[in-house]
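What follows is each chain in one-letter form.
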Amino acid sequence: MAYDMIIKNGKVIDGSGLPGFHGDVAVSGGRIVEIGKVNGEARQVLNADGLVVAPGIIDNHTHYDAQVTWDPLCTYSCYHGITTVVMGNCSLAMAPAHREDREMLAGVLSHVEAIPLEAIQALDQRLGINVAALIGHSAVRRYVMGEDSQERHAIDDEVAAMKTIVCEGLEAGAVGISFERNLRHFDWNGRLAPTNLASEEEIFAVAAVADEVGRGVIQFGGDRSISTKLAKASRRPVFYGNITQQAVAPDKWRKQLTEAENMMRQGHRAYQFVMPRPGDLRYTLKTAQHFDAMATWKTVMLLPLEQRKELFRDPETRAKLHFEAVETPNNPSHAGDFTRRWDLQFVFRPALPKNQHLKGKSMAEIAREQNKDVLDAFLDLALEENLETEFERREVNSDEAAMTALLTSPYTVIGQSDGGAHVVFRTDYSYSTYLLSHWVREKEIMSLEDAIRKLTFVPASLFGFSDRGLVRPGMAADLMVFDPATISPLEPGEAHDLPGGAKRRKQLAQGIEWTVVNGQVLMERGKHTGAYPGKVARSSIVAQ
């Protein structure tokens, strides 16, 4: 028998959690057709001797909604073995959208393109990896209510119209609905994302559509109280936020994990994410978002750069900034509140040669050395370097014991990379290669089989991708072939490849020989082959 592809002599770790085994994998028509000792010819033969053959990784929480329209590879996720991404999270989808509303939605998402709901089919024409879409409540609310979506509650007729749109979207293949309560998500005019103006009654009514049609997940970010009530009310899988180990609240993760365990033991399909990577978030005062929960900082950071610099120099404004970021205690219950831990804010990359000796030092240490107030030291350095100083936060997911408990728990889901967002200072899309290298190979906190299961079969099951997430005959041939001894993310760098030449952080990987999407090699040893085999990934109930 002739095949399109045979992957020979690999160790197959099939995503189920069962022990790996040596064998061949044959592919025809974009699907796995045989596993074991495969005889016959193939148009392409990949020698996987000494390598692992695993399902492609499913990134369960991304924001590639705009980027995918100009970057069908969804870089740089595709470099880390990821073959499917789920976008439209946190209500921040770009569809449905009236033409006049696209700029507002793009402003909230901080991107430049838009995807109308009716164009979801057109994405099949040129995708590098598979893309699944959630229906964003902010987009639906804006579509129905226009400008009022950012000003008031909805009336009954408007809620009914939203429900109709969501129902149509789920029937067309969207994999769920997303909501949030996040007062730090606003457009460039400082107006809150539409979902934040919705009443609980509206949210519950729109979310109930998933139960009514019997398909789709519900994703809710920001308000854990509403999230847990929603999870208890629904019979669909509900994703509600993430659990992080935080230096400023060292016991908070234990309480959240206990809550997750209790919810699922009570029979609720309530899931929380855990990010394997440490929170080494890098930023400049051109791009920082983690000061936005403080009123004066938010106002200043929304200004054009020259005005921003003027206010950073202004003694009266600086006093207000100091009061908020130094004198006022951190409030862990205030979502996104700045930690005030200046000992955990480090200079990662000084912009000027004369300041290179500051690299790797915390702002608290620099302030002591310069005999300055810590905020003065911080702003003086940033202004001296024209706001080009690159700082690094080291506040979350750095405690090994806590992370071991979170990552190995059967009650957590690994992921929430936010791929496509925060691109100027985060590379969390490398979570897959970091898990396989740091936590599996180096720390040995779990088996390779269990790690692969958590990265593939678990998200495929939750999102209803019944033909992905396993290496089994009949499944879509989404595969990652890698060397378990060398796989790892590389040191981040920079790329100037956003529309208009804007800068973003770039992190590639090593140790992945081939990434196969729908039976075609997409990536070979870290290089794109030129193929675009991706599809729109849909719920299993909807015909492919």
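Structure shown above.
This write-up is about the structure you can find in this document. This structure is a prediction, so every number in the text was calculated from the model and none was measured.

## Structural notes on the environment of Arg 313
In this fold, Arg 313 is placed in helix H8 (residues 305-313). C-alpha separation for the pair Arg 313 and Ser 432, spaced 119 residues apart in sequence, amounts to 42 Å. Apart from the residues within four sequence positions on either side, Arg 313 is in contact with Arg 318 and Leu 383.

## Things to note about the packing of aromatic side chains
Under the counting rule described, the total for this entry stands at 16 aromatic pairs. On the numbers, 6.2 Å between centres and 40 degrees between planes, the contact of Tyr 76 with Tyr 429 is tilted. With Tyr 76 in the loop between strand S6 (57-59) and strand S7 (82-87) and Tyr 429 in the loop between strand S16 (412-414) and helix H13 (431-442), this residue pair connects regions lying 353 residues apart in the sequence. Between the aromatic rings of Phe 378 and Phe 391, the centroid separation amounts to 4.7 Å while the plane-to-plane angle is 45 degrees, which identifies the pairing as tilted. With Phe 378 in helix H11 (residues 374-384) and Phe 391 in strand S15 (residues 390-393), this residue pair connects regions lying 13 residues apart in the sequence. Overall, Phe 391 belongs to the buried group, its relative accessible area being 0%. Put simply, the rings of Tyr 283, Phe 291, Trp 297, Phe 312, Phe 338, Trp 342, Phe 378 and Phe 391 pair up and form one aromatic cluster. Above the face of the Tyr 532 ring, Arg 126 is positioned so that its terminal group lies 4.1 Å from the ring centre. We note Arg 282 situated over the ring of Phe 348; from NZ or CZ to the ring centre the distance is 3.6 Å.

## Side note on empty space enclosed by the protein
Taken as a whole and assessed by the stated rule, the structure comprises four cavities of 30 Å³ or more. Counted as a void, the second largest cavity has a volume near 60 Å³. What lines the second largest cavity is a set of 15 residues, among which Gly 419, Gly 420, Ala 421, Arg 426 and Tyr 429 lie closest to the centre. Class assignment of the residues belonging to the lining of the second largest cavity gives a composition of five nonpolar, six polar and four charged.

Conventions adopted
- Residues numbered from 1 in each chain as written.
- Predicted model: local features only at pLDDT ≥ 70, side-chain atom pairs only at ≥ 80, totals over all residues.
- Heavy atoms only, no water.
- Helix = DSSP H or I, 4+ residues; strand = E, 2+ residues; numbered from the N terminus.
- Contact = heavy atoms within 4.5 Å.
- Phe/Tyr/Trp six-rings, centres within 6.5 Å; stacked < 30°, edge-to-face > 60°.
- Buried < 20%, exposed > 50% of the residue type's maximum accessible area, 1.4 Å probe, protein only.
- Lys NZ or Arg CZ within 6 Å of the ring centre and 35° of its normal.
- 1 Å grid on protein atoms, 1.4 Å probe; cavity = no way out; pocket = protein on both sides within 12 Å on 5 of 7 lines; lining within 4 Å.
- Points joined across faces, edges and corners; volume = space filled by probe spheres on them.
- Nonpolar A, V, L, I, M, F, W, Y, C, P; charged D, E, K, R; others polar.

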